[in-house]
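# Chains, contacts and geometry: an overview
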Amino acid sequence: MISTKKNQIITVDEFLDRRKNYDMGGTCYTLNIQFARLLRELGYVVSYIRPGNEHLALLVGLADSKKVWYVDVGTTAPILAPLPLGIERQTPIFAGEKVHLRKGEEPHTFTYVRTIGGRQVSKKWAFRSDQRYTIDDLVQPIQQSFLENGPYMSCIRIDKWCEHKQRMLSLKNTVLTMRGGGSKTERSIKSLEEMKAVLQDTFHLPKLPVLEAVEQLEARGHFLIQKSANIQS
């Protein structure tokens, strides 16, 4: 997310180049910052918020309206449409999962809650709609996300929502999870060759540099997987 130039966010061209050549997406910082740039070009008013003080999401509105929507394209939950603030709302159920955006008792307070089958599956994220952040405010959290003990620097993590199949795909290290149609299946990946096949045939992201990522993780002792003799980095 940080460019090679010190303390600079990657450009739109850099983001699009990574997507085109490497099938790369990114964390909440990467995706929501780039989406904010697009929305502003289209004439929307966009602000950054930090749910739980650890996530990055957007508040989006129009210049001639007081209505504001919660927008988030950088979460592993299925927020496939904007959620209006000011009333308690929830996303439609997708592969058994939904997100609740609950209005608090105090003005401008909200809580983000993620559930699967009615059961809370991650910690709640509280935020204030009147507490906005700038790009300069985000430089330090982004840099911290690249520390070796950061949550996305110590594992392989790929998540994809397939809207046309109403299915969720998630790969975390050697465990592939598929959820949809009221069922959930898990599969253990046994080799890098199998992982590459999953990325190509299941995720349809064949250009992701997974071999390089695994090598970097193994060098730091985070990740081990059998490497077939016919797989080249």
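Residues numbered from 1 in each chain as written. Predicted model: local features only at pLDDT ≥ 70, side-chain atom pairs only at ≥ 80, totals over all residues. Heavy atoms only, no water.

## Considering the sheet that holds strand 2 (residues 57-61)
The strand order across the open sheet formed by four strands is 1-2-3-4, and the pairing between neighbours is antiparallel. What marks the edges here is a single partner per strand, and that holds for strand 1 (45-49) and strand 4 (83-84). As judged from the five bridges shared by strand 1 and strand 2, these two strands associate in the antiparallel manner. The residue bridging S47 from the neighbouring strand is L59, located in strand 2. Along the sheet, helix 2 (residues 28-41) contacts strand 1, strand 2 and strand 3 (68-71); its crossing angle with strand 1, the most-contacted strand, is approximately 165 degrees. (Pairing = 2+ DSSP bridges. Helix = DSSP H or I, 4+ residues; strand = E, 2+ residues; numbered from the N terminus. Contact = heavy atoms within 4.5 Å. Axes fitted to C-alpha atoms, helices over the stretch in contact; angles between N-to-C directions.)

## A word on a nonpolar patch on the surface
A surface patch of nonpolar side chains, amounting to about 380 Å² of accessible area, comprises L38, L42, Y44 and L62. With respect to the helices and strands, the residue L38 is situated in helix 2. (Patch = residues over 30% accessible without salt bridge, like charges linked within 9 Å, V, L, I, M, F, W, Y side chains within 5 Å. Areas by Shrake-Rupley, 256 points an atom, 1.4 Å probe, with all protein chains shown as cover. Salt bridge = Lys/Arg side-chain N within 4 Å of Asp/Glu carboxyl O.)

## So, unusual backbone geometry
Phi is positive for N173, which is not a glycine, with a value near 55 degrees. Residues other than glycine seldom take positive phi values, yet H204 does so here, at roughly 60 degrees. Note that H204 resides in the loop between helix 4 (192-201) and helix 5 (210-219).

## Comments concerning the packing of aromatic side chains
Going through the model one piece at a time under the given rule, you end up with five aromatic pairs. When the centroid spacing of 5.7 Å and the interplanar angle of 35 degrees are considered together, the rings of Y70 and F127 count as tilted. Taken together, the positions of Y70 in strand 3 and F127 in strand 9 (residues 125-128) put the pair 57 residues apart, joining distant regions of the chain. Residue classification places Y70 among the buried residues on the basis of a relative accessible area of 1%. Connected via pairs of aromatic rings, a cluster forms that spans Y70, F110, Y112, W125 and F127. (Phe/Tyr/Trp six-rings, centres within 6.5 Å; stacked < 30°, edge-to-face > 60°. Buried < 20%, exposed > 50% of the residue type's maximum accessible area, 1.4 Å probe, protein only.)

## Observations regarding the sheet that holds strand 13 (residues 183-188)
Taking strand neighbours across the sheet as the criterion, the four strands line up as 10-11-12-13 in an open arrangement whose pairing is antiparallel. Each edge of the sheet is formed by a strand with only one pairing partner; in this case those strands are strand 10 (157-162) and strand 13. Mean inter-strand twist for the sheet, computed between neighbouring axes without regard to direction, equals 10 degrees. Bridge analysis of strand 12 (residues 175-180) against strand 13 gives six bridges, and the strand direction is antiparallel. When the sheet's bridge partners are listed, L176 is paired in strand 13 with R187. Packing against the sheet, helix 4 makes contact with strand 10, strand 11 (167-172), strand 12 and strand 13, and its axis sits at approximately 145 degrees to strand 13.

## Here we look at the side chain of K98
Structurally, the position occupied by K98 is in strand 6 (residues 97-103). Those residues in contact with K98, other than ones at most four positions away along the chain, are Q90, T91, P92, I93, V113, R114 and T115.

## Observations concerning the confidence of the model for the protein chain
Averaged over all residues, the pLDDT of the protein chain is 88; the fraction at 70 or higher stands at 93%. Confidence drops under a pLDDT of 50 for residues 1-7, and excluding neighbours within four residues, the segment shows 23 contacts in the predicted structure. Note that pLDDT drops below 50 for residues 229-233; the model gives that stretch nine contacts with residues more than four away or on any other chain. (pLDDT = per-residue confidence, 0-100.)

## Observations regarding helix 4
If you check which residues of helix 4 are buried, you get L192, M195, V198 and L199. The buried residues of helix 4 all sit within an arc of 115 degrees when viewed along its axis, so they share a single face. Packing partners of the buried residues in helix 4 comprise strand 10, strand 11, strand 12, strand 13 and helix 5. (Arc of directions from axis to C-beta.)

## Examining the nonpolar core
Counting 20 residues, the largest nonpolar core has I156, I158, L171, M195, F203 and V214 as the members making the most contacts within it. Secondary-structure elements contributing two or more residues to this core are strand 10, strand 11, helix 4 and helix 5. Every residue in contact with L171, bar those within four places of it in the chain, is listed here: I156, R157, I158, L176, I189, M195, L199 and F203. Counting 15 residues, the second-largest nonpolar core is a separate cluster that includes C28, A36, L58 and L138. (Core = buried A, V, L, I, M, F, W, Y, C linked by side-chain atoms within 4.5 Å.)

## Looking at the pattern of salt bridges
A full pass over the atoms with the stated rule returns nine salt bridges. Two residues, D159 and R157, come together in a salt bridge whose shortest N-O distance is 2.9 Å. Judged by its relative accessible area of 28%, D159 falls in the partly exposed class. We classify R157 as partly exposed; its relative accessible area is 32%. The network of salt bridges with common partners includes E97, R114 and R179.

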